[in-house]
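Spelled out from the first residue to the last, the chains are:
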Amino acid sequence: MHATQWSIKSRFAAAVLCTALSASAGAQNPVVLDGPPAPVAPAVITRDAKGQATIRAIKLTAPLKLDGVLDEEVYKREKPFDGLIQVAPDFGKPATERSDIWVMYDDKNVYVTCRCYDKAPPDQWIVNELRRDTGGLRNNEHFGVLFDTYYDRRSGFAFYSNPLGARADYSVVDEGGSNTDWNPVWTSKAGRFDGGWTIEMAIPFKSLRYVAGTNQMWGIQMRRSIRHKNEWDYLTPVPRIMAGPQALNKVSAGGTLVGLDLPAAGANIELKPYVVSRVTTDKVRKPPINDAVGSDVGGDIKYAVTPNLTADLTLRTDFAQVEIDEQQVNLTRFSLFFPEKRDFFLEGRGIFDFARGGTGAFTGGSTSSDTPNLFYSRRIGLNNGAVIPITVGGRLTGKVGPWAIGLMNIETANDAASATKATNFSVLRLKRDVLSRSAIGVMVTDRSVAASGKGSNVAYGADGSFLLSQALTVGTYWAQTATTGVSGDNQSYQGRVDYSVDLYGAQAEFLSVGKNFDPQVGFKRRSDFNRSFGSLRYSPRPTSLPNVRKFTYSASGAYVENGGGSVDARTLAGHFSTEFASSDLFNIDVTHDYEFLRQPFTPSGAPLAIAPGNYTFSSASIAYTFGAQRAASGTVTLQGGEYYDGTIRSVTFGPGSTFSPARIAILQRLALEPTFTITSVDRPKGSFTTRLVRTRVDYGFSPLMFASALLQYSSADRAFSTNLRFRWEYAPGSELFLVYTDERDTTDDRFATATTVRGLKNRAFVIKINRLFRY
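To start, this report covers the structure provided alongside it. (Residues numbered from 1 in each chain as written. Predicted model: local features only at pLDDT ≥ 70, side-chain atom pairs only at ≥ 80, totals over all residues. Heavy atoms only, no water.)

**Considerations on the environment of W197**
The line we're drawing: Helix and strand assignments come from DSSP, with helices taken as H or I runs of at least 4 residues and strands as E runs of at least 2, each series counted from the N terminus. Only protein chains enter the calculation, and the probe is 1.4 Å; a residue is then buried if its accessible area is under 20% of its type maximum, exposed if over 50%, and partly exposed in between.
In this fold, W197 is placed in strand β12 (residues 196-204). The class for W197 is buried, based on a relative accessible area of 1%. Sequence separation between W197 and H142 is 55 residues, and the spatial gap between their C-alpha atoms is 9.9 Å.

Set out below in structure tokens:
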């Protein structure tokens, strides 16, 4: 080991140790942030002149029985509160349906109950989801709550449920994007009554991070979706531009929950051991294996260092239950980005975001996809599609006063089949709250063995995100990498401004990425460029058209130079959309591109590469999105125009967004999520057609048990894959998984080579069971 590398690791280990020790010492005297004076506890609820709500939590002396019936004495003794406010369709007006709400707690749980009145008969309600954490759940009738347990008006934990009792949850850091893969232990029970439905939620304090003590305050926001009316209601006023489900993430707009006498967290230790058994066939591996039987044991340990700081340890980590990646067709000259799906890397991931939003900034797409990620967790345990064993790993995440802390250290094993050396990955992230809702931070990543297999790689940088007003945000970062044997032109930096209100908006950005900037524990789409970008938006809401909620007109331009000062690309784009009252969308997009190719590249499925040179081309697309609340939803897109030295035509049916998948509800428990794309490219030499077909089938036995199948075919990769999964949460936080996966090569005789593995490439059947123990 090189002396420099040892020094980096020593300093990293010392930082982890010192942080843990100082945090433990501070647990007896937790840091309390300055904030507004405590509101006087109301009888149930009070509101100020701006509509901000203060709610009194009801203290219970005995646990609440969750059954959805609402016949306990507390519901007779304590008055509920109502008064939810519409954000859509009639902004600022009272909700059209009554909601009776109670917030209660005892020494183990916080409870939220809602009696949701609805004048429509149940057969008109949109209720067709039983799976946990599915994006389709928020397109059902539902009721939810977000707790800002730090009362910092920045971050929180959200929980919501529908009339079937299906559950979803996520965490929010600095009002940024939601981490929907955060999976705490909690329960909910739904019921029906003549005139509506009920929901009771019980959220253990062990599933939350908070400061213990008497007379504590939390931030609180509530959301009710009356989906058959396309109506979204909230406890307190939220910005109109966030009309829809996303306003729950506007933590700073929430009310205040008072009267909390919170119990001490205690040891708060979680153990989650697992046992897995598998049968595996891999005909691509050298040497190939056939029906090899194997088993393994391992587990995770979670320990609350302080009420706001959690340490995690993982041993012999296994991700057999994780759904496989969705196949993509790449018609660009840049790398594709695949989302993280592995549980260990998902909890607390918002803390590790670098130069990507926070404090509500740049979450609407203003951060360019060309912006590098300093930390991309899929660099750990994966290498060109091969799974690399993780032997041991640790993580420390949370807050100490105004500081958000993220530390991670992972050790991967040597893998001869993929020629991957044993490697240590380290990440340090520190971020400090400044001003009212702004933040500055630093990040360091270290990879003991560089991707090339020789030397090491370190990346470090500083970033800032500043909310100057409710509409104006400014962000910036600077970063640099150090790779053995590489020097010079190894920096990246960015500055961006975003002004956005409901009627109009504007964005401006400058991004620079050096030729040798290479964050090998991160993700880099392209290098050696300077990019300038600007956009304007106008979004009127016509009052004379009752079926239209909003029109949006926007125009943008991007100008890219390479490191030598030559023009690399220019893009002009225009966009028009209509949002209907039914939640359907109509979009028209037009783009005009110029690109200079310095080297040839081969699009997915193309028989010949596109030669270097200058290319000017234009294209247009028309799309119609059927609202996600419909029994059959999704987006149909038609594209046509020029493509480098040829033409392109494509038709796509698929999701409108991450949280609005293409979906066909066959039964209340059974649904399909189909996606297909057919793209035809006509070139003077090397015309080709690609076909991508994907179907996800889900069946929900109950909110705690589901089965799913993901079937995919890609003509570009000549691959057909199957992924079948069964999940049963047999006890809170404890699960049984049955998983079958296979991949087959569909290459015909025209394209087969001597090294082509025809037919079955790999196959696995896995049984995995884990058990959660809480102390």
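**A closer look at the pattern of salt bridges**
What counts is decided by this rule: By definition here, a salt bridge exists when the distance from a side-chain nitrogen of Lys or Arg to a carboxyl oxygen of Asp or Glu is within 4 Å.
Taken as a whole and assessed by the stated rule, the structure comprises 51 salt bridges. Between R132 and D169 there is a salt bridge, and its shortest N-O distance comes to 2.6 Å. Separated by 37 residues along the polypeptide, R132 in the loop between β6 (109-117) and β7 (142-148) and D169 in strand β9 (residues 167-172) bring together distant segments of the chain. For the pair R132 and D169, a shared accessibility class is recorded, and that class is buried. Ionic contacts of the salt-bridge type, sharing partners, join the residues R333, D370, E509, R525, R526, D528, R531, D568, E595 and R598 into one network.

**Quick word on the sheet that holds strand β3 (residues 58-59)**
Selection criterion: One bridge is not enough; two strands pair if DSSP finds at least two bridges between them.
The five strands are arranged β3-β5-β6-β12-β11 in an open sheet whose pairing can be described as mixed. The sheet is open, and its two edges are formed by β3 and β11 (187-193), each paired on a single side. Relative to β6, strand β5 (residues 99-105) is paired through seven bridges, and the arrangement is antiparallel. Considered in β6, the bridge of V103 is made with V112.

**Focus on the nonpolar core**
Heads up, the condition is: Side-chain atoms within 4.5 Å are what join buried Ala, Val, Leu, Ile, Met, Phe, Trp, Tyr and Cys residues into a set we call a nonpolar core. It only takes one pair of heavy atoms within 4.5 Å for two residues to be counted as in contact.
Ranked by internal contacts, the top residues of the largest apolar core, which has 38 residues, are F143, F147, F159, W218, I220, M222 and L257. Elements that contribute at least two residues to this core include exactly β2 (53-56), β5, β6, β7, β8 (156-161), β12, β13 (213-226) and β15 (255-262). Setting aside residues no more than four positions away along its own chain, L257 makes contact with I55, R56, A57, V103, F147, Q216, M217, W218 and I220. Counting 26 residues, the second largest nonpolar core, distinct from the first, contains V322, A355, A459 and A479.

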